[in-house]
2 protein chains.
Amino acid sequence: MHIPSLKQQFQVAFSYDVHFTEGLFNADNTLIRDVLKQDGGAEPRKIFFVVDDGVAAQHPQLMGAITSYVAAHADVMQLSGPITVIPGGEQCKNEPALVQQLLDAVNTYHIDRHSYFVGIGGGAVLDLVGYVASVAHRGIRHIRIPTTVLSQNDSGIGVKNSVNAFGKKNFLGNFAPPYAVLNDFEFLLTLEDRDWRGGIAEALKVSLIKDAKFFAFIQYNAAKLAARDMPAMQYLIHRCAEMHLQHIAGGDPFEQGSSRPLDFGHWSAHKLEQLSNYRIRHGEAVAIGIALDSVYSHLQGRITEAELDQIISVIRTLGFALYEPEMSVHLADAAHPQSMQHGLQEFREHLGGKLTIMLLEKIGRGVEVHEMDGQLVEEAVRKLQQY
Amino acid sequence: MHIPSLKQQFQVAFSYDVHFTEGLFNADNTLIRDVLKQDGGAEPRKIFFVVDDGVAAQHPQLMGAITSYVAAHADVMQLSGPITVIPGGEQCKNEPALVQQLLDAVNTYHIDRHSYFVGIGGGAVLDLVGYVASVAHRGIRHIRIPTTVLSQNDSGIGVKNSVNAFGKKNFLGNFAPPYAVLNDFEFLLTLEDRDWRGGIAEALKVSLIKDAKFFAFIQYNAAKLAARDMPAMQYLIHRCAEMHLQHIAGGDPFEQGSSRPLDFGHWSAHKLEQLSNYRIRHGEAVAIGIALDSVYSHLQGRITEAELDQIISVIRTLGFALYEPEMSVHLADAAHPQSMQHGLQEFREHLGGKLTIMLLEKIGRGVEVHEMDGQLVEEAVRKLQQY
């Protein structure tokens, strides 16, 4: 055999904008109109909306506002099918019937690859809607309208989407950048305190591993942030989103390697969410995961006690818990599927390859390691329990 | 609101090789070993095999050969789970239970993003296996081992994967380049004549729209190809694969636009497959689609009668039918979902945007148009019926 191999090599360019606004569906707000017109099309575009039921309940005028908005811009867009309300929160990602329901809609309303599939809601709804949009017809244009702090500064602005399967978070998914992200700060006004606070955890995380100045901002404004100061929150979301986008573009956008540097604090967070049957929400779990890996970093002599104290103090001032009982169940037994430490193995398995965990070298700088010492993890948990 | 928008822009690089060999699982063939070692890993890699039942039936020694091969290279690879045989042919893409079965295997055997998920079979099995690999854990490495002419020169070497849903071909899928493609010519020896012939249609297609010299090769060798001459077939596969890869890399790999120039002859082909309940196989349908759009191109004055005669003559010499009864059902009624002409609307809908159809300007050069004249399509069908 002397038939030469063929080498395939190419690059695919992706781009999208993350916009910030208030009153997205107000009659005089042209953002959606302007964003759709960027595609250069001549005819009105089909647009399909999926809304998180939590958002729908908090904003009873939303459905009417969407309908009026689309009608007022009939030269640019037309509704395809009814505005569809689905249950929000992490549990929605456990429901294959919701995936099927949205795929049915794509089929029934003839939504094609140049139509717009819009998700309005928290991170879980956006993950699910993005997943459906990414696999139907090999990818429909999807627009994300994140309504929580967490989704506006982190989960809703990136390139990943997913649903859960086999009891495992994000077992099914892929990488599919959105067409655009529209952050409307007005949605934040009606958030429960838990969800307002929850999203701050991801900003804290990115500040700790990448930007000491941003950590200083959060530290200085922690009480204001906890008290729902909107200008402080707007700055926090914008800066966190900016760093998140820079990280994706500058690194390994589709995670072809083994490392996931932005997942500081996440190996335990994912597992705690699951162990608590999602009673602990993602941001709350991440705050605990940050606390845990910060204590661990200190126990390993990587950060000083003074640095650790600053971190713990910020987390508390923001109003997060440092400890949940699920952390101690089967704690010494990393092989037990219901132990938090089993999360290390699941985390490695999800990413593939070598275990890679981000720890702290100092405030504002992370460091990757490839093993965690089970004894030290136990010690860190005990320390958090006693704070 | 004066918070500036954030612009996200990045490129993702993809690369993979298409190798040609004979006796892939022979003890002394190091191709698979060499390909796996390219990942730079130190430990044996997990590898999971899915085999088309048609291939398993024709190659009863295959399972044993795979097992022996993996065992002989235990320093580089280890089998994860049993070698899994699934039904082949287009019907397998209509079975959600098969997707679920393979996802179950990913979960059960802890197949992670750095493991290898290998499909051995015709294009349909490879599409299905690739789809599962692309969504499990947001993408497991997948290796394609195409066993038909069609999959070795076309469907198995590209970046698309899919399953069918709602009675629509490739309704679910995405773009996910394989880790590698391994073309073993020995698999071609046991193909039915229909499948040997079927794959030639895609080569004929690419020659007609892009390369008059390659058309001349097919024309000159048509009788030999029909008589299963292996050297002629090896050249045909290599050249077709090369052009297909060049087309992907040089164009719009993830089909973000509306055009799909390689789909010459495909709008009717996809529909005829479906209308015949897949009695007409893909390559056979493409040969008819090429004949139809060539006659149409001639009726529109785009190609000469002499050129059309050459094309029709090659298609016949290769042994393809030019007409099937499904073409005439509801022929004048493009709005009828069971008419071939309804395929135009479905084709547009699948791609989104404006209808874009490739026709011929001359042998070796295609031309894109944005509408098809229903009367002329009818006339072309009648002409094919009377040949």
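Keep in mind that this is a model prediction, so the values were computed, not measured.

Thresholds, definitions, all that
Residues numbered from 1 in each chain as written. Chains lettered and ligands numbered in written order. Predicted model: local features only at pLDDT ≥ 70, side-chain atom pairs only at ≥ 80, totals over all residues. Heavy atoms only, no water. Contact = heavy atoms within 4.5 Å. Buried area = accessible area lost by both parts, 1.4 Å probe. Salt bridge = Lys/Arg side-chain N within 4 Å of Asp/Glu carboxyl O. Polar contact = N/O pair within 3.5 Å; in protein donor to acceptor, adjacent residues only side chain to side chain. Helix = DSSP H or I, 4+ residues; strand = E, 2+ residues; numbered from the N terminus. Buried < 20%, exposed > 50% of the residue type's maximum accessible area, 1.4 Å probe, protein only. Least-squares fit on C-alpha atoms with pLDDT ≥ 70 in both. Axes fitted to C-alpha atoms, helices over the stretch in contact; angles between N-to-C directions. Parallel < 35°, antiparallel > 145°, perpendicular 65-115°, else oblique. Nonpolar A, V, L, I, M, F, W, Y, C, P; charged D, E, K, R; others polar. Phe/Tyr/Trp six-rings, centres within 6.5 Å; stacked < 30°, edge-to-face > 60°. Expected span 1.5 Å × (residues − 1). Arc of directions from axis to C-beta. Domains from an automatic or database assignment. Core = buried A, V, L, I, M, F, W, Y, C linked by side-chain atoms within 4.5 Å. Left-handed = near helix turned anticlockwise from the far one by under 90°. Right-handed = clockwise from strand over helix to strand, strands pointing away. Pairing = 2+ DSSP bridges.

Looking at the interface of chain B and chain A
Accessible area lost on assembly of the parts is the figure often given for the size of an interface. Across the boundary between the two partners, chain B contributes 70 residues, which contact 70 residues of chain A. Summed over both partners, the interface of chain B with chain A comes to about 6,700 Å²; 55% of that surface belongs to carbon and sulfur atoms. Linking chain B with chain A are six salt bridges. Its salt-bridge partner being Lys7 of chain B, residue Asp17 of chain A comes within 3.0 Å of it at the nearest N-O pair. Linking chain B with chain A are 30 residue pairs in polar contact (both at pLDDT 80 or more). Elements with a contribution of two residues or more to the side of chain B that touches chain A: β1 (6-21), α4 (96-108), α5 (123-135), β7 (160-165), β8 (168-175), α10 (230-250) and α14 (342-351) of chain B. At 16 residues, β1 of chain B tops the list of elements feeding residues into the side of chain B that touches chain A.

Things to note about unusual backbone geometry
Residues and elements named next belong to chain A. At His137, a position not held by glycine, the phi torsion is positive, near 50°. Checked against the element boundaries, His137 lands in the loop between α5 (123-135) and β6 (141-146). Classification of His137 as buried rests on a relative accessible area of 3%. Even without glycine at this site, His330 takes up a positive phi of about 55°. Tracing the sequence through the fold places His330 in the loop between α13 (305-318) and α14 (342-351). By relative accessible area, which is 37% here, His330 ends up partly exposed.

Digging into the relation of the copies chain B and chain A
Superposing chain B onto chain A takes a rotation of 180° plus a shift of 0.0 Å along the axis, which leaves an RMSD of 0.0 Å. Here the two chains are linked by the operation of a two-fold rotation axis. Among all residues of chain B, the one whose C-alpha sits closest to the rotation axis is Val12 of chain B, at a distance of 2.7 Å. Same-surface contact between copies: 100% of interface residues of chain B are shared with the interface of chain A.

Looking at the packing of helix α12 (residues 282-299) of chain A against α13 of chain A
Residue and element names in this part refer to chain A. Two elements in contact, α12 and α13, have axes whose closest approach is 10 Å; the angle formed by their N-to-C orientations is 170°. One way to sum up the angle between α12 and α13 is to call them roughly antiparallel. Taken together, the residues of α13 that come into contact with α12 (itself represented by Ala287, Ile290, Ala291, Ser294, Val295 and His298) are Glu305, Leu308, Ile311, Ile312 and Ile315. Across the contact of α12 with α13, the residue classes tally to eight nonpolar, two polar and one charged.

Some thoughts on the packing of aromatic side chains
Tallied over the entire structure, the rule returns 30 aromatic pairs over all chains. Residues Phe214 of chain A and Tyr235 of chain A carry aromatic rings whose centres are separated by 6.4 Å and whose planes lie at 70° to one another, so their mutual orientation is edge-to-face. Placement of the pair is Phe214 of chain A in helix α9 (residues 212-226) and Tyr235 of chain A in helix α10 (residues 230-250), with a sequence separation of 21 residues. Residue class for Phe214 of chain A comes out buried when judged on its relative accessible area of 2%. Geometrically, the ring pair formed by Phe48 of chain B and Phe117 of chain B is stacked, given 5.2 Å between the ring centres and 10° between the ring planes.

Some words on the pattern of salt bridges
One pass over the structure, following the stated rule, counts 46 salt bridges over all chains. Through salt bridges with shared partners, a single network forms among Glu90, Lys93, Asp127, Lys169 and Glu273 of chain A.

Some words on helix α13 (residues 305-318) of chain B
All names here are of chain B. Here α13 is 14 residues long and its end C-alpha atoms lie 20 Å apart, about the 20 Å a rise of 1.5 Å per residue gives. Taken residue by residue, α13 has Glu307, Leu308, Ile311, Ile312, Val314, Ile315 and Leu318 as its buried positions. Down the axis of α13, the smallest arc covering the buried residues is 155°, so these residues share one side. Close packing links the buried residues of α13 with α7 (193-198), α8 (200-210), α9 (212-226), α12 (282-299), β10 (357-362) and α15 (374-386). Gly319 occupies a position one or two residues after α13 and carries a positive phi of about 100°.

Remarks on the domain arrangement of chain A
All names here are of chain A. The domain architecture assigned to chain A consists of domain 1 (17-190) and domain 2 (200-386). Just the C-alpha atoms count here: the centres of domain 1 and domain 2 sit 28 Å apart. Every contact between the two is made by 26 residues of domain 1 and, on the other side, 29 residues of domain 2. When domain 1 packs against domain 2, the two sides together hide about 2,300 Å² of surface, and 66% of this comes from carbon and sulfur.

Some thoughts on the nonpolar core
Generally speaking, a soluble globular protein has its nonpolar side chains buried in company with each other. The biggest cluster of nonpolar side chains holds 170 residues, and the ones touching the most others in it are Met340 of chain A together with Ile218, Leu236 and Met340 of chain B. Residues within four places of Leu236 of chain B in sequence aside, it is in contact with Asn153, Ile200, Ala203, Phe214, Phe217, Ile218 and Leu225 of chain B. Core analysis: the second largest hydrophobic core is formed by 52 residues, Leu102 of chain A together with Leu103, Val135 and Ile140 of chain B among them.

Considerations on the packing of α4 of chain B against α5 of chain B
Residues and elements named next belong to chain B. Their axes nearest at 10 Å, the elements α4 and α5 cross at an angle of 45°. Judged by the inter-axis angle, α4 sits oblique to α5. Between α4 and α5 lies a crossing whose hand is right-handed. In this structure, α4 uses Leu98, Val99, Leu102, Leu103 and Val106 to contact α5, whose residues at the interface are Leu128, Val129 and Val132. Residues belonging to the contact of α4 with α5 are distributed by class as follows: eight nonpolar, no polar and no charged.

Looking at the pairing of strand β6 (residues 141-146) of chain B
Residues and elements named next belong to chain B. Here β6 lies mainly inside the structure; six of its six residues are buried. Residues Arg141, Ile143 and Ile145 point to one face of β6 and His142, Arg144 and Pro146 to the other, with burial holding for every one of them. After leaving strand β5 (residues 116-121), the chain enters α5 and then returns to the sheet as β6, a path that is right-handed. Of the pairings in the sheet, the one linking β6 to strand β9 (residues 180-184) comprises two bridges and is parallel in character. Looking at β9, one finds that Arg144 is bridged to Val181.

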